[in-house]
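The chain contents come next:
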Amino acid sequence: MPHLPLTSFRPPLWGLRPSRGLRRSCPLSTRSEPDGSAISRRNREAKQKRLREKQASLEAGIAPKSKSPAESSKAWTPKERVLYEIPTEHGEKKDVSRPLPPAYSPQYVEAAWYPWWVREGFFKPEYQARLPQATGETFSMCIPPPNVTGSLHIGHALTVAIQDALVRWHRMRGDRVLWVPGSDHAGIATQAVVEKQLWKERGVRRHELNREDFLREVWKWKEEKGGEICEQLRALGASLDWDRECFTMDTGSSVAVTEAFVRLYKAGLLYRSRQLVNWSCALRSAISDIEVESRPLPGRTELQLPGCPTRVSFGLLFSVAFPVDGEPDAEVVVGTTRPETLPGDMAVAVHPADSRYTHLHGRQLCHPLTGQLLPLITDCTVQPHLGTGAVKVTPAHSPADAELGARHGLSPRSVIAEDGTMTALCEDWLQGLHRFVAREKILSALRERGLFRGLQNHPMVLPICSRSGDVVEYLLKSQWFVRCREMGERATKAVESGALDLSPSFHQKNWQHWFSHIGDWCVSRQLWWGHRIPAYLVVEEHAKGDTEDFWVVGRTESEAREAAAELTGRPGAELTLERDPDVLDTWFSSALFPFSALGWPRETPDLAHFYPLSLLETGSDLLLFWVGRMVMLGTQLTGQLPFSKVLLHSMVRDRQGRKMSKSLGNVLDPRDIISGVELQVLQEKLRDGNLDPAELAIAASAQRKDFPHGIPECGTDALRFTLCSHGALGGDLHLSVSEVLSFRHFCNKIWNALRFILNALGEEFIPQPAEELFPASRMDAWILSCLARTAQDCERGFLTRELSLVTHALHHFWLHNLCDVYLEAVKPVLSHSPRPPEPPQVLFFCADVGLRLLAPLMPFLAEELWQRLPPRPGGPSAPSICVAPYPSARSLEHWHQPELERCFSRVQESVQALRALRATYQLTKARPRVLLQSSEPGERGLFEAFLEPLGILGYCGAVGLLPPGAAAPSGWVQAPLSDSSQAYMELQGLVDPQTHLPRLAARRHKLQKQLDGLLARPPSEGEAETQRQQRLSSLQLELSKLDKAASHLQQLMDASPSPGGSPSP
């Protein structure tokens, strides 16, 4: 049913008396921005401007297109802030005995509720099991543990908003709900942050401290900064069970990590090997694939890299000649983007079918730097159409070359060290140089020897360490690896069989592709912060000079010593063990989180009741690196899938479509949107961060551009509702603060609606049972039918986990059904004497059911308003809306009348036509009489049933019916309502033709110029042409209506009727 913006041409919606007598003694504190009177004046001027714009859009009878709330957001002006200042102990229930403040203020609404919810235990499954509506079913979920390195951004807020809405719905529904909170120790990120802080504050590097002292610094930092995440989660209203909070470095997690490592090792799924790994020279550690940012370069690009004294050019292809041994004039030219790895070349490869090199098969080439002879080999993986068709082979520094070299028996030569300098294998003239400084020396040497053949722009993808900004190197290192193929096959089959459901389903393709090409997972990290690997080198065996080190694994050193004694045949006490100094990849402990957080490997009650989890909800960017690994390790270690359903939401980007990044200055702290923040404070936050000076300048400039006046206070509920309102299961979510602000205005609408309803109910109101309410009034029946349909839509949205359906349904009901239509229509009815009993009952149920429907998405606003509703008779109600029953579609089914709603949509179309007619003749204050005429009996009956609402909503006077075939009254303007009906509106005496005709002419002239301009443009293609044609049609329709209006006014002026001569309807 199309909705009508019926708020357009009327005085302010709420002509209310103060709710239950707002007294001066009420302990509310109001804090306004400077120049409060000027602000109020600007508010009024802005409203008047919007009114004029809407009138102009309707002058030709065209209703504005339905806009999303974000598109129709109002301009921001500072609002008066009302604070809750009634003395309330932390954890005590908020005092709701005082009247509601006159306007919605997020700080007032959100005060005091969360500590009370926590203290009462509403978020604990043990409490929910005792609810009257308990279903006996369990719903369990864990929060994706955010990094302890600081604060949550809007992407995290999206995760929390979706998860909390689902959790709250299940809790209100009567399920036994457990939502486990936790945070991740974030090995690389946390160590990097603490190292930067130590250097900034004390001028100390990590290696100047011993391991224990550095770890003390990290724990100290964690205690000071780690709690920030929990504060943000509370501010977002996340209904987590805080008594079960986990940290991936706490004792329970450490036990689980060690147990998992030992079990995987004993199962043959963990091994140590020397292989190529992603290496960050700046961090001097291996890094995971997810920490490698693939940065596309269109061609030559200069980058400033950590530790390098000069900027380095990338996106270039260097051509180097390899002379053919024994043929002075023959050479093979190869192209390379990494000339610094030339000292590590072990061969040159061509495709066996490349005719350019067939005569050189089996020959040897001279290395251009060392003169060493290298074989020219053939391999089908070489792409002859790229470059010269010849490639150099560097097995120690390229994964592809390592595979090629292994096929041809080439030994790798490592020429780049852990710190990014050149190794001793490069000879004295290069040894110890930064690899990109060595690049320039190598190119100079090639030029001197006449073997440099030029360079050219070359689009490429450069691997960058997301933690340090350095170029990732591929180095050969002895590390611990997890064998993934067997576990990956089980994960693939779980999706194929339907045992694991990925939603949206298009992610299944990525899942299958990743697991079908999965390699072994390097889990060693050269860090101090993290879970130290429970593996020990047997020094005596190592000293024998064996080709491979001798390692043992154990939960404790004594267990490892026993294993070493058994394997060596020597007494354990005689053996010397050295524990691996490395720690495990952070993703290893994160992969255990669904069951380690519940107590695994111990057999705990939580593990028995809540594992496997009911749902895993997270961002789609974590599907493979986190979700995939949880499925692999969960299935292997517990024998069960850790969850059966996975819900993946899109990434949040800024309004320009950019990824949220601290270096871009577009990362938003949810608390800044909730509470508002000045630009100066935003800039100070940047300066207090760990950005280098160049990044800081870029980020600060971006902030000044995006938030020149800071960020307005929007409130938690508006932020949550905004995030859930997007179709988060599709493409990326582009978020702007103006969208959130528009939903703050929506909160204010709900606030004012409840003030009106509470005032209408009065002090003595007693609700009757819902099942006994069958209103006789068509308007009352209509709004209850809309309420029942909204409950159906919300239930469907929650069951399918499409929260945008829920937000759309609730926004439409509260704004377009209740506020814009029903409340306006019921105001005159409430003034009747005696007052009919049914409208107050209807208002109560609209508020009660509507707020309970809203509660999972706007918990603070819903609680604040719901607590003030009159209690239902007959037994205690729920203490909080958090645990009140969620309205089910079945319980409201007796109110649902689809045919009535369809009929009323026809009434709304007539209201729109009447309003458009009023706008055309600029009847701003007058309430003209109206006659409706129809040749269809059913339509006449419909009009007759809604005559009073038609007059109220159309801003008209008395509305009557004109019999079919009867003549139109003289001096009344006519407007078609349908093929079989029309409306006649009284104008005589209400409009001065001499005043209005020049205005219509001016308006027509302006529109004609627009039409001529559009007609003069050449036709476009696609969507642009469609929009052009739509605009042409709109202008032509407006001009036609203006011509009719002008003609009618001219007739009135020619006839010059007296004001009293118009017939009565």
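None of these values were measured; they are calculated from a predicted model.

> Explain the overall build of the protein here, please?
When helices and strands are tallied, the protein shows 33 helices and 35 strands. Looking at the 1065 residues of the protein, the share that counts as buried comes to 54%. For the protein, the proportion of contacts with a sequence separation of at least 24, taken over those separated by at least 6, is 78%. When the accessible surface of the protein is split by element, carbon and sulfur atoms take 50% of a total near 46300 Å².

> Which parts of the structure should I look at to understand the sheet that holds strand β12 (residues 316–323)?
For sheets, the rule is that strands pair by backbone hydrogen bonds, running either parallel or antiparallel. Strand order in the open sheet formed by three strands is β13-β12-β18, and the pairing between neighbours is antiparallel. Each end of this open sheet is capped by a strand with a single partner; those strands are β13 (331–336) and β18 (452–457). Averaged over all pairs of adjacent strands, the angle between their axes in this sheet comes to 20 degrees, without regard to strand direction.

> In this structure, what is going on with the packing of aromatic side chains? I would like to understand it.
Inspection of every chain in the model, using the stated rule, returns 34 aromatic pairs. Here tyrosine 84 and tyrosine 108 contribute two aromatic rings whose centre-to-centre distance is 5.8 Å and whose plane-to-plane angle is 75 degrees, an arrangement assigned as edge-to-face. On the criterion of sequence distance, the pair formed by tyrosine 84 in strand β2 (residues 81–84) and tyrosine 108 in helix α2 (residues 106–110) is long-range, its members being 24 residues apart. You can call tyrosine 84 buried: its relative accessible area is 12%. A relative accessible area of 1% places tyrosine 108 in the buried class. An angle of 5 degrees between the planes, with centres 5.2 Å apart, marks the rings of tryptophan 169 and phenylalanine 798 as stacked. In this pair, tryptophan 169 sits in helix α5 (residues 154–173) while phenylalanine 798 sits in helix α25 (residues 778–800), placing the two residues 629 residues apart along the sequence. Assigned by exposure class, tryptophan 169 and phenylalanine 798 land together as buried. Following the ring pairs from residue to residue traces out a cluster consisting of Trp113, Trp116, Phe122 and Tyr127.

> Mind showing me how you'd approach the nonpolar core here?
Proteins that are soluble and globular tend to have nonpolar side chains buried together. Core analysis: the biggest nonpolar cluster contains 166 residues, and Ile750, Ile783, Trp814, Tyr822 and Leu851 have the highest contact counts within it. When residues in this core are grouped by element, the largest group, 16 residues, is from helix α26 (residues 803–830). The contacts of isoleucine 783, once residues within four sequence positions are left out, are Phe813, Asn817, Leu818, Tyr822, Val842 and Cys846. In this structure, Leu500, Val553, Leu633 and Leu648 belong to the second largest nonpolar core, which totals 61 residues.

> So what exactly am I meant to see when it comes to empty space enclosed by the protein here?
Space left empty within the atom packing is revealed by a probe, the size of a water molecule, rolled over the atoms. In the structure shown here, the tally under the stated rule is three cavities of 30 Å³ or more. One number sums up the size of the second largest cavity: a volume of about 40 Å³. In terms of lining residues, the second largest cavity is bounded by Gly187, Ile188, Glu291, Arg525, Leu527, Leu584, Asp585 and Thr586. In terms of residue class, the lining of the second largest cavity is made up of three nonpolar, two polar and three charged.

> Please clarify how helix α27 (residues 838–854) should be interpreted in this entry.
Given a rise of 1.5 Å per residue, 17 residues ought to cover 24 Å, and the 24 Å separating the end C-alpha atoms of α27 matches this to within 8%. When you tally the buried positions in α27, you get 16 out of 17 residues, the bulk of the element.

> Even after reading the chapter, I still don't get the pairing of strand β28 (residues 616–619), so can you show me in this structure?
Walk down a regular strand and you will see the side chains alternate between the two sheet faces. As defined by bridge partners, β28 adjoins strand β29 (residues 645–649) across four bridges and the pair is classed as parallel. Bridge assignment links leucine 616 to a residue of β29, and that residue is valine 646. Between the parallel pair β28 and β29, the chain is carried across by helix α19 (residues 623–638), and the sense of this crossover is right-handed.

> How should helix α10 (residues 399–407) be read in this particular structure?
Residues spaced three or four apart along an α-helix face the same direction, because each turn holds 3.6 residues. Of the residues making up α10, those classed as buried are Asp401, Leu404 and Gly405. Viewed end-on, α10 has its buried residues packed into an arc of 100 degrees, placing them on one side of the element. Those residues of α10 that are exposed and aimed more than 90 degrees away from the buried face are Glu403 and Ala406. Where α10 is buried, its residues touch β14 (347–350), β16 (373–378) and β17 (390–393). One or two positions beyond α10, positive phi appears at glycine 409, with a value near 70 degrees.

> I tried to follow the sheet that holds strand β35 (residues 981–986) on my own but got confused; where do I start?
Spatial ordering of the open sheet is given by β33-β32-β35-β34, a layout of four strands whose pairing is mixed. Since the sheet does not close on itself, it has two edges, and those belong to β33 (959–961) and β34 (972–978), each with one partner. In this sheet, adjacent strand axes meet at a mean angle of 25 degrees when their direction is disregarded. In this structure, β34 lies alongside β35, joined through six bridges in antiparallel fashion. Residue alanine 975 lies in a different strand from β35, and its bridge partner there is alanine 983. In this fold helix α29 (residues 898–920) packs onto β32 (930–934), β34 and β35, with an angle of close to 150 degrees to the strand it touches most, β34.

> What should I look at first to understand the pattern of salt bridges in this one?
In the structure shown here, the tally under the stated rule is 55 salt bridges. As a salt-bridge pair, arginine 439 and glutamate 340 come within 2.8 Å of each other at their nearest N and O atoms. Residue arginine 439 is located in helix α11 (residues 435–448), and its partner glutamate 340 is located in the loop between β13 and β14; the two are separated by 99 residues in the primary sequence. Each member of the pair, arginine 439 as well as glutamate 340, is classed as buried. The salt bridge involving aspartate 669 is made with arginine 671; its shortest N-O contact spans 3.1 Å. Take arginine 671: its relative accessible area is 22%, and that puts it in the partly exposed class. Residues joined by salt bridges that share partners form a network here, namely Lys124, Glu126, Asp241, Asp243, Arg244 and Asp606.

> Even after reading the chapter, I still don't get the confidence of the model for the protein, so can you show me in this structure?
As a note on interpretation, predicted positions should not be read in detail where pLDDT is low. Looking at the protein as a whole, its pLDDT mean stands at 87, while 89% of the residues score no less than 70. Between the elements of the protein, mean pLDDT differs from a low of 43, seen in strand β1 (residues 28–31), to a high of 98, seen in helix α28 (residues 859–866). Across residues 1058–1065, where pLDDT falls below 50, the model places 14 contacts with residues more than four positions away in sequence or in other chains.

> Where do I start with the environment of alanine 560 in this structure?
Its place among the elements puts alanine 560 in helix α15 (residues 557–568). For alanine 560, a relative accessible area of 0% puts it in the buried group. The sequence separation of alanine 560 and leucine 577 amounts to 17 residues, and the corresponding C-alpha distance is 8.5 Å. Residue contacts for alanine 560: discarding those within four places in its chain leaves Tyr536, Val552, Val553, Gly554 and Leu577.

> What is the right way to read the packing of helix α12 (residues 485–497) against helix α13 (residues 507–516) from this model?
The description of two packed helices rests on the angle between their axes and on the distance between the axes. Running from N to C, α12 and α13 point in directions that differ by 160 degrees, and their axes come no closer than 9 Å. Considering their axes alone, α12 and α13 lie roughly antiparallel with respect to each other. In this structure, the crossing between α12 and α13 has a hand that is left-handed. Taking contact as the criterion, the partners of Arg485, Gly488, Ala491, Thr492, Val495 and Glu496 in α12 are, on α13, Gln508, Trp511, Gln512, Phe515 and Ser516. Of the residues in the contact of α12 with α13, the class split is four nonpolar, five polar and two charged.

Conventions used here
Residues numbered from 1 in each chain as written. Predicted model: local features only at pLDDT ≥ 70, side-chain atom pairs only at ≥ 80, totals over all residues. Heavy atoms only, no water. Helix = DSSP H or I, 4+ residues; strand = E, 2+ residues; numbered from the N terminus. Buried < 20%, exposed > 50% of the residue type's maximum accessible area, 1.4 Å probe, protein only. Contact = heavy atoms within 4.5 Å. Areas by Shrake-Rupley, 256 points an atom, 1.4 Å probe, with all protein chains shown as cover. Pairing = 2+ DSSP bridges. Axes fitted to C-alpha atoms, helices over the stretch in contact; angles between N-to-C directions. Phe/Tyr/Trp six-rings, centres within 6.5 Å; stacked < 30°, edge-to-face > 60°. Core = buried A, V, L, I, M, F, W, Y, C linked by side-chain atoms within 4.5 Å. 1 Å grid on protein atoms, 1.4 Å probe; cavity = no way out; pocket = protein on both sides within 12 Å on 5 of 7 lines; lining within 4 Å. Points joined across faces, edges and corners; volume = space filled by probe spheres on them. Nonpolar A, V, L, I, M, F, W, Y, C, P; charged D, E, K, R; others polar. Expected span 1.5 Å × (residues − 1). Right-handed = clockwise from strand over helix to strand, strands pointing away. Arc of directions from axis to C-beta. Salt bridge = Lys/Arg side-chain N within 4 Å of Asp/Glu carboxyl O. pLDDT = per-residue confidence, 0-100. Parallel < 35°, antiparallel > 145°, perpendicular 65-115°, else oblique. Left-handed = near helix turned anticlockwise from the far one by under 90°.

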